[in-house]
Amino acid sequence: MTTTPTETAPAPASPLRRLLPGAPAGREPRGSTLLRHLAVAVFVGTLVVLVTNQLAPYQNLQVARVCAFLCVTAGHTVLVGLNGQLSLGHGALMATGAYTVALTQQALDERAVRGWWTLPASLLAGVAVTALGGLVVGLAAARLRGPYLAGVTLAVATLVPAVTTIFTGVFNGEQGLSFPAQTPPAALGAYFQPERWLAWIALAAALLTMLLLANLARSRFGRSLRAVRDDEVAARLAGIPVARTQVLAFVVSAACAGLGGGVYAMLTATVAPGKFPLDLSLFLLMAIVIGGLGSLAGAVWGALLLVALQDLPGLLTEHLSLSAGLAQRLEGNLALAVFGLVLIVVMLAAPGGLQGGVRALTTRLRRAVRRRPATRRSPDR
Amino acid sequence: MRTTTRRVLAAAAGLALLAALPACADDEKQAAENVPGVSDSEVVIGTHQPLTGPAAPGYSKISAATKAYFEHVNSKGGVHGRKIVYKVMDDGYNPANTENVVRKLVLDDKVFALLGGLGTPTHTNVLEFVKTQRVPDLFVASGSRNWNQPDKYPTTFGWQPDYTVEGKILASYVKREFPGAKVCHFGQNDDFGRDSLAGVEQVLGPVAAKQTYTTTNQQVGPAIGALRAAGCQVVISATIPGFTALAMGQAAGQGFKAQWVVSNVGADYTTLAAQLGDKKVILEGMVADNYLPNVSDTANPWIQEFTKIHQKYNAGNPVDGNAIYGYSMAYTFVQAMLAAGPDPTREKLIEAVRKGGFRGPGLVPFRYADGVHAGYGGVRLTKVSNGAQAYFGPAYTTDDGDGAVTEFTEPPTAPPADAVPTP
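Residues numbered from 1 in each chain as written. Chains lettered and ligands numbered in written order. Predicted model: local features only at pLDDT ≥ 70, side-chain atom pairs only at ≥ 80, totals over all residues. Heavy atoms only, no water.

A. Quick look at the pattern of salt bridges. All names here are of chain B. Within the structure shown, the criterion is met by 18 salt bridges over all chains. Linking Lys168 and Asp399 is a salt bridge whose minimum nitrogen-to-oxygen distance equals 3.1 Å. In this pair, Lys168 is assigned in helix α7 (residues 163–177) and Asp399 in the loop between β12 (388–397) and β13 (406–408), connecting sequence segments 231 residues apart. Of the residues examined, Lys168 reaches a relative accessible area of 2% and is grouped as buried. For Asp399, a relative accessible area of 32% gives the class partly exposed. Ionic pairing is found between Asp191 and Arg194, a salt bridge with its closest N-O pair at 3.1 Å. Of this pair, Asp191 and Arg194 are both found in helix α8 (residues 191–204), 3 residues apart, which corresponds to roughly one turn of the helix. (Salt bridge = Lys/Arg side-chain N within 4 Å of Asp/Glu carboxyl O. Helix = DSSP H or I, 4+ residues; strand = E, 2+ residues; numbered from the N terminus. Buried < 20%, exposed > 50% of the residue type's maximum accessible area, 1.4 Å probe, protein only.)

And the structure:
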């Protein structure tokens, strides 16, 4: 099986090729992949929990937002980066998950069904419904390529929010739905910060997503994904069912988006179509491209960027004491402008995204560290 | 590799145990800390406003006026010696943004209270959060009945007459003046439109036709066409200013002549005329309602005082109904702060509003009482003629239930010196 891509791939390879890192060089770490990833997840999780204990409520909310977005960007990276399918509709998939969670939570609350398990249950419902939606889109996507695929997913991005304003009876139009907020369990004490609890829930979701996706990327299925991305004909010759792989990639990615959307809705205990505009779908794609398409670490950068840029316009207009008119205009448009600018700069300076840049930097540093003792010692001697 | 894994796991478990310890003590200290947003020299309050987006025409002038009024009060020594700092955050009339900025105001900027958060769909979604944080949520700039649920949302208070009260009074005017006419309703596709329709149908029974719009879609043509096809002679309209202008412009374009009866929130003549430009003649004959002194009534002492403040602190904007709204609401807030005493707490401020008894620029009294968080209880009708919006007939009061619409005859109060309330 020749599933590892080579640099001399034929011309019809994915147009995203330039944005992706080269073939994995050198040795694969030995030992159990699952155990290694589990250890990293537990370590990172503990670190974040430690940090949230020191943070003020609003910062914890931002941590929670990053975690919610991480679920989405990680899944999106698998689809775009690993499988080479472009999607401009992930904001709508988030909305699907969010609305499912809201409707489930509302229904449970109306029937006075309460308990710690209601949230995981509704999140699971959100994941399931979104995965189903992903299956439908994926079936169409497997028949389409490049710009046509982008077009279909773009239609999804505009259609889903529109549905919520058409069926006002169910989705309550632009005003949206609200459901009971998550409160920390009583065992944590009366003064426990509610935002910290939200951050923990979001963190759990993000870690679970990352763990599963990291294992998936290293599995046989992960190799199939990359093989299909790099050369469909070669993949088919190697016995990989191309269409099925593509549809499955869409389903996995949609499920992650559904989970992220559900967590995102939980943070404010409300959903409204205004939360999932077309911009969001574009932002999501830009974020993972800027973060670095080739790896899940790039998705972390992307999620951080998405949250940072949400608060940027307010911060700037507050501290720069601009004229009221200019400040007003900036408030609405700055995020998009900054995103575009960052995208251009990153694409020019580091086509592999921020993660690609970081990787290049660490390799150079490592090389320098290895070389320096030798060069320094020689004049001494 | 295995040993490394085990080592990392052990380290992680240790960290987890450590992590659990310092969390609680800190929060307890924070909760016991002194009143958020209040220092010896300042009281910081915040709001969410549509400075951009579909509701910005008109409404973006409200917070500018509120801010100007506070500058005026600050120049006179502030409230109990404290200057009022008013933080205005743009939410673009998008409920998703509102959640974001309100959380920032309360959690990050630590405001003492929220004042005049604007919009029905926007503010509805932050009610739960405001409740859990126990922030005084005063004088929401919207006439939804949602703000009047003291059992569910004990810290939230309305200010303006609610849309059902307005709908009832507008509908009884239509019933009186246009007996037997085909009356239709055009409304925003949320609680704003629904509450208005409820009031209208309470008086008139089912309307002949009803259409709605969503703020993200500027295409009102089909809805107006449907009203025209239904043969409507009177259209009662629950619309924000941008959509009043769109709807009336569209109707004129389609040659659809009906009597427009517009909710106060979307009927400020200055705003609509600016939106319509040289098409503003179609506003002639538009009936609406108000409960504050009319901006074109230059003999009114309130208008004179507010205009003076406007020229000093807010000259870049037009003096219109939105500005008067901003000044009047800020005036009520200063009354509430004065009533809360020299050492304000969130509880004292809420108690002060619940006691009520404020009189100010409004034509009718507030309804604040124990168990009632609703603002003004009535309106007076206005009509546009010869390019000016003026009052006609008496003021009316009613409730949001099935109470009767009654005339209100008490004369309005005069402003204090410099329009700054005294304790």
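B. Highlighting the sheet that holds strand β4 (residues 137–140) of chain B. Residues and elements named next belong to chain B. With respect to topology, 5 strands assemble into an open sheet ordered β2-β1-β3-β4-β5, the strand pairing being parallel. Only two strands of the sheet have a single partner each, and these edge strands are β2 (83–90) and β5 (156–158). Taking the axes of each pair of neighbouring strands and ignoring which way they run, one obtains an average angle of 25 degrees across the sheet. Sheet topology places strand β1 (residues 42–49) next to β2; 8 bridges connect them, and they run parallel. Residue pairing for β2: Ile45 is matched across the bridge by Tyr86. Where helix α13 (residues 321–339) meets the sheet, its contacts fall on β1, β2, β3 (113–115) and β4, and the angle it forms with β4 comes to roughly 150 degrees. (Pairing = 2+ DSSP bridges. Axes fitted to C-alpha atoms, helices over the stretch in contact; angles between N-to-C directions. Contact = heavy atoms within 4.5 Å.)

C. The state of the cysteines, seen in detail. Under the definition given, this model contains 1 disulfide over all chains. Across the disulfide, Cys184 of chain B is cross-linked to Cys232 of chain B (sulfur-sulfur distance 2.0 Å). Handedness here is read from the sign of the S-S torsion; for Cys184 of chain B and Cys232 of chain B, about -90 degrees, the answer is left-handed. One end of the pair, Cys184 of chain B, is in strand β6 (residues 183–188); the other, Cys232 of chain B, is in the loop between α9 (221–229) and β8 (234–238), and 48 residues separate them in sequence. No disulfide involves Cys71 of chain A; its nearest neighbouring cysteine sulfur is the one of Cys256 of chain A, lying 7.4 Å away. For Cys256 of chain A, a relative accessible area of 8% puts it in the buried group. (Disulfide = S-S within 2.5 Å.)

D. Representation of a positive patch on the surface within the structure. On the surface, Arg364, Arg366, Arg367, Arg370 and Arg371 of chain A cluster together into a patch of positive charge. Mapped onto the elements of the fold, Arg366 of chain A is located in helix α14 (residues 353–380). (Patch = residues over 30% accessible without salt bridge, like charges linked within 9 Å, V, L, I, M, F, W, Y side chains within 5 Å. Areas by Shrake-Rupley, 256 points an atom, 1.4 Å probe, with all protein chains shown as cover. Lys, Arg positive; Asp, Glu negative; His and termini not counted. Charge placed at Lys NZ, Arg CZ, Asp CG, Glu CD.)

E. A look at the UniProt feature "transmembrane region" (unreviewed entry) in chain A. Residues and elements named next belong to chain A. According to UniProt, the positions carrying the feature "transmembrane region" (unreviewed entry) are residues 34–51, 63–82, 117–141, 148–171, 197–217, 247–267, 282–309 and 330–350. A helix fraction of 100% and a strand fraction of 0% characterise residues 63–82, whose end C-alpha atoms lie 26 Å from each other. Counted over residues 197–217, helix gives 100% and strand 0%. Its end C-alpha atoms are 30 Å apart. (UniProt positions renumbered as here; feature names shortened; annotations may be inferred.)

F. Highlighting unusual backbone geometry. Phi at Ala112 of chain A is positive, roughly 60 degrees, even though this residue is not glycine. Structurally, the position occupied by Ala112 of chain A is in the loop between α3 (90–110) and α4 (118–141). Residue Asp418 of chain B is not a glycine yet carries a positive backbone phi of 60 degrees. Topologically, Asp418 of chain B is positioned in the segment after β13. What makes Asp418 of chain B partly exposed here is its relative accessible area of 35%.

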